[in-house]
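Descriptive analysis of the structure
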Amino acid sequence: MPREAEPSLNEKTFVLQALQEKLRLDGREFDQYRPLELTFGEEYGVAEVSLGKTKVLAKASAEVTVPYPDRPLDGVFQISTELSPMASPAFEVNRPTETEVLLSRLLEKTVRRSGALDTESLCLVAGQKCWSVRVDVHVLSHDGNLIDACCFAVVAALRHFKKADTSIEGGVLTVYTPAEREPVPLGWLHSPFCVTWSVFGEEGDIAILDATRAEEQVRVGSCTISLNRHGEICQIAKLGGTAVEAIALLNCTGIALTKAKELSSYLDGKLAEDAKRRDKSGRAELLTAENDRVTG
Amino acid sequence: MTANTAPEAALGVLPKADGSAKYSHAGYTITASVNGPLEAQRKDEHPNEAHVDVIVRPAAGVGATRERHLESVLQSSLSQIILVKNFPRGLIQIVLQIEETPENDYVNTKLVQASVNFPIMPALFQTCILALLSAAVPMRATATASVVAIVLEGEKKKTVVDPTPKQLQTAQSVHVLAFTSHDELLLAESEGDFTVQEWDEIYETAKGICCRPQTRKSGAEMVLDEADVAGQADMRQFIRSTMEGKVAADLHWK
Amino acid sequence: METQSQSFVVLPGDAIDPSIIPTTKTKPLRLGPGLRHIPPSEIVPTVSGKLIVDPRKNSMWVEYNSHRYIPSQNDLIIGQIARNAADFYYVNISPYNSNATLPHLSFESATKKTRPQLAPGQLIYARVTLANKHMDAELECVSSTTGKAEGLGPITGGMVFDISLGFARRLLMAKSKDEGGLQVLELLGEEGLAFETAVGRNGKVWVGSDSPKIVIIVGRALKETDEGDLGVDAQKKLVKRLMRDMR
């Protein structure tokens, strides 16, 4: 496996020294994210996120399939994050590194296990047919903080996605093409976001948000908090690394909530903008066939 | 969805890769990254030349046999034009991420269409070439590709360039051809029923599109060939003007 | 024969009009980067860039920018010690590429007993002594003619930043302001900042100073000038903005 170059001694010493003087390499504050950009594709369910030089593309898609035998009333929902050498030559296809496994696990816990997507609404014919929704996450460029960027992209893609409309008459399922009936959005319950803190210093007393790759390589620990804008925590992961004071961790969680709210309003704004752009003729309201739903 | 939309390209879109390009044309959008020359892994290293590794990633789902086929076709053509002998035991790593494919509003997605590989090949090819140029990987020449199908219109057979998904479903045969900037045939893949005469016609059509003559005055000015063959964009000129833009930006200080 | 330099954009494989190739009977034609010679008389570009013909020096080359360094003899580079072997150090000069070797005794007044002990991860400023496509590159930290270090050797403190190869070449030009269009370092010095720099042709620039803040300002100025393709006016504005932001 091609090995990524370790940072030099000079770099390690300097980054820590600068942080101790409250300085980051790009001049940001400790709790400041890099400029976040979100663009939706022409197709429903395509979201491209860039966080500084980190770029992630998420694509949501759905197809009709057979539900799991032990869960006949639920649909299938999968998130796939296969890293390729496009993100960095250190990654190989089909050879998951620690980064890939952790990323995939965190997204799983944050988006799937927290029930963000209502899988019961994906059921079409109990025990026989259901929707299988999958989100493919492609990391195009890796400059640190893949977790936050990927989670944001996944949530954006799922909220943007529309699946084909269906109807059942006398046990026969009809799936309409986009030309026949407008596609419908997924059953969405709440929007979780990941906020990752990177820890530095022997005492673990310096914590920053949204580390770049250079900062990630020098950090001594990290903690990812997944939560939605209501303050409901999906998971907190601090996997090894230098011990951190409990009070500091609580402080980090508090700031994470502020960030989650910011991310949430940014996403809502972008979705509204996209809907307006597509709805130039003003007919979107007439075409939709669903009742109003209160979304989290 | 029409095949006559102008191609668009942006270079250097991935800041951490040695070279990158994002290309869209006829409903396809593909991003490619190029890294190299790197050190090849033991299993891939060749004592006298570099190994060219191509990875194609579909938009949805994980790659399967279809992607492996695209990878092997691209790898064998690109190995011919990249100067691999310059980097023994080296590796040129190319990753292609398919982002968008033309939608067919009359068919539900995920219905696997038999010849869906071919129409995407020219777009993949162009993206590779642009990304390799962006990374300044030494090459023998540049190349352009085009896809041509033979469809039945009533009783007559018609040659269609850049066929739509609908046309592909009923086409008699589909062909992808690529030519280098020296007008040599680099790649020829065909699928379906066709005669040798039909292939000759396809060859001439594709060559006419890919190898449009470009005149040059004393090495300074480029004269654009205004006549569009069958309404198709001049890919060679497109590559040239895209690179002229990049070089102008890179060397703005000179 | 043309007396002024010519330049235009070329793509790999383009035919070069033989009339622009300089010909003298006294000096052989020198081909620089980006061109290859196909005997007997064909010269073909291999990359996309500006073909530059200099009749006075009787040379031609393609000017282009890229990010992947390929070692070339006599280049000054910033490398990182990867590990120690019996008689030499393995030094990494380009990520994901094979390491170069630096003999233990290639330092000023080094003997087997009194050589510098460098730890893995240490940055060094070295010169390439051997580079060809079949072998791993070799380095030295001493001038083989004078026996003096002349600035080569381990680099302490400071921070190293990644830059494009073209930018590194511009920084290393003797008259980087006039020929390279770079005034940013001069402007930073005028603002009263005290710092030193070392430029590696392998796309790395080291910045050292007593204050980390100054190192960061200089590093950011260089990176943003490189990534933004900034001209001299834009460089002036950049320096003003950075000085303001970091106060």
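Residues numbered from 1 in each chain as written. Chains lettered and ligands numbered in written order. Predicted model: local features only at pLDDT ≥ 70, side-chain atom pairs only at ≥ 80, totals over all residues. Heavy atoms only, no water.

It is worth spelling out the overall build of chain B at this point. On a plain count of helices and strands, chain B comes out with five helices and 11 strands. Within the span of chain B, comprising 254 residues, buried residues form 54% of the whole. Within chain B, contacts between residues at least 6 apart in sequence are counted, and of these 65% link residues at least 24 apart. Per element, the accessible surface of chain B, about 10,700 Å² overall, is 50% carbon and sulfur. (Helix = DSSP H or I, 4+ residues; strand = E, 2+ residues; numbered from the N terminus. Buried < 20%, exposed > 50% of the residue type's maximum accessible area, 1.4 Å probe, protein only. Contact = heavy atoms within 4.5 Å. Areas by Shrake-Rupley, 256 points an atom, 1.4 Å probe, with all protein chains shown as cover.)

Looking now at the domain arrangement of chain C. Here the domain parsing of chain C yields domain 1 (6-63), domain 2 (76-156) and domain 3 (160-246). For domain 1 of chain C versus domain 3 of chain C, the distance between C-alpha centres works out to 32 Å. (Domains from an automatic or database assignment.)

With that settled, consider the packing of aromatic side chains. Under the defined criterion, the tally for this structure stands at seven aromatic pairs over all chains. Across from the ring centre of A:Tyr44, 4.5 Å away, lies the NZ or CZ of A:Arg278, which sits over that ring. (Phe/Tyr/Trp six-rings, centres within 6.5 Å; stacked < 30°, edge-to-face > 60°. Lys NZ or Arg CZ within 6 Å of the ring centre and 35° of its normal.)

This paragraph deals with the pairing of strand β14 (residues 196-200) of chain C. Residues and elements named next belong to chain C. The pairing of β14 with strand β15 (residues 204-208) spans five bridges and is antiparallel. Bridge pairing in β15 places Glu196 opposite Gly208. In sequence, β14 turns back onto β15 through a hairpin of three residues, with Gly203 there showing a positive phi of about 85°. (Pairing = 2+ DSSP bridges.)

Our next topic: the side chain of A:Ser50. With respect to the secondary-structure elements, A:Ser50 resides in strand β2 (residues 46-51). According to the relative accessible area criterion, A:Ser50 is buried, its value standing at 11%.

What follows concerns the UniProt feature "domain: Exosome complex exonuclease Rrp40 N-terminal" (unreviewed entry) in chain C. Taking the UniProt record as the reference, the feature "domain: Exosome complex exonuclease Rrp40 N-terminal" (unreviewed entry) is found at residues 29-68 of chain C. Along residues 29-68 of chain C the backbone is 0% helical and 52% strand, and the end-to-end C-alpha distance reaches 27 Å. (UniProt positions renumbered as here; feature names shortened; annotations may be inferred.)

Turning next to the interface of chain A and chain B. On the chain B side, the residues contacting the 36 residues of chain A number 31 residues. Both faces combined, the contact of chain A with chain B buries some 2,600 Å², and carbon together with sulfur accounts for 56% of it. Of all residues in chain A, A:Glu43, A:Met86 and A:His138 bury the most surface against chain B, accounting for 21% of the area lost on that side. In this structure, the connection of chain A to chain B is made through three salt bridges. The salt bridge partner of B:Lys16 is A:Asp143, with a shortest N-O separation of 3.3 Å. One can count six residue pairs in polar contact (both at pLDDT 80 or more) joining chain A with chain B. Those elements giving two or more residues to the side of chain A that touches chain B turn out to be β3 (54-65) and β6 (129-141) of chain A. In terms of residue class, the side of chain A that touches chain B is made up of 15 nonpolar, eight polar and 13 charged. (Buried area = accessible area lost by both parts, 1.4 Å probe. Salt bridge = Lys/Arg side-chain N within 4 Å of Asp/Glu carboxyl O. Polar contact = N/O pair within 3.5 Å; in protein donor to acceptor, adjacent residues only side chain to side chain. Nonpolar A, V, L, I, M, F, W, Y, C, P; charged D, E, K, R; others polar.)

This part is about the sheet that holds strand β7 (residues 156-161) of chain B. Residues and elements named next belong to chain B. An order of β7-β6-β8-β9 is seen for the four strands of this open sheet, with the pairing classed as antiparallel. The open sheet terminates on both sides in strands that have one partner only, identified here as β7 and β9 (185-192). Within this sheet the neighbouring strands show an average axis-to-axis angle of 15°, counted without direction. Of the strand pairs in this sheet, strand β8 (residues 173-180) and β9 are connected by seven bridges, and their pairing is antiparallel. In the strand pairing of β9, Phe179 is matched with Leu185. Strands in contact with helix α1 (residues 65-81) are β6 (143-153), β8 and β9; relative to β9, the strand with the most contacts, it is inclined by about 160°. Of the strands in this sheet, β6, β7, β8 and β9 touch helix α4 (residues 196-210), which is tilted by about 45° from β8. (Axes fitted to C-alpha atoms, helices over the stretch in contact; angles between N-to-C directions.)

Here we take up the interface of chain B and chain C. Listed by partner, the interface residues are 39 residues for chain B and 38 residues for chain C. Around 3,200 Å² of area is buried between chain B and chain C when both sides are counted, 55% of it from carbon and sulfur atoms. Applying the counting rule to chain B against chain C returns four salt bridges. The partner of C:Arg68 in a salt bridge is B:Asp18, and the shortest N-O contact between them spans 2.6 Å. Across the contact surface, chain B and chain C share 11 residue pairs in polar contact (both at pLDDT 80 or more). Top contributing element to the side of chain B that touches chain C by residue count: helix α5 (residues 235-250) of chain B, with eight residues. In terms of residue class, the side of chain B that touches chain C is made up of 19 nonpolar, nine polar and 11 charged.

This paragraph deals with the sheet that holds strand β13 (residues 221-227) of chain A. Residue and element names in this part refer to chain A. The strand order across the open sheet formed by four strands is β12-β11-β13-β14, and the pairing between neighbours is antiparallel. The open sheet has two free edges, formed respectively by β12 (206-209) and β14 (233-237), since each of these has just one partner strand. Direction aside, the axes of adjacent strands within the sheet are offset by 20° on average. Bridging between strand β11 (residues 193-200) and β12 involves four bridges; their strand directions are antiparallel. Within the sheet, the bridge partner assigned to Ser198 lies in β12 and is Ile208.

A separate point is α4(B). Residues and elements named next belong to chain B. For α4, built from 15 residues, the straight-helix expectation of 21 Å at 1.5 Å per residue is met to within 8% by its first-to-last C-alpha distance of 21 Å. Turning to α4, its buried residues are Glu198, Ile202, Tyr203, Ala206, Ile209 and Cys210. Seen end-on, α4 carries its buried residues on one side only, within an arc spanning 145°. Opposite the buried face of α4, at more than 90 degrees from it, the exposed residues are Val196, Gln197 and Glu204. (Expected span 1.5 Å × (residues − 1). Arc of directions from axis to C-beta.)

Residues and elements named next belong to chain C. Applying the stated criterion across every chain, the model contains 45 salt bridges over all chains. Two residues, Arg201 and Asp75, come together in a salt bridge whose shortest N-O distance is 3.6 Å. Placement of Arg201 in the loop between β14 and β15 and of Asp75 in the loop between β6 (59-63) and β7 (76-84) is noted, with a sequence separation of 126 residues between them. The class of Arg201 is partly exposed, set by a relative accessible area of 29%.

Turning our eyes to something else, we now look at the UniProt feature "domain: K Homology" (unreviewed entry) in chain C. Per the UniProt record, the feature "domain: K Homology" (unreviewed entry) sits at residues 158-212 of chain C. Structurally, residues 158-212 of chain C comprises 29% helix and 25% strand, and the distance from its first C-alpha atom to its last is 8 Å.

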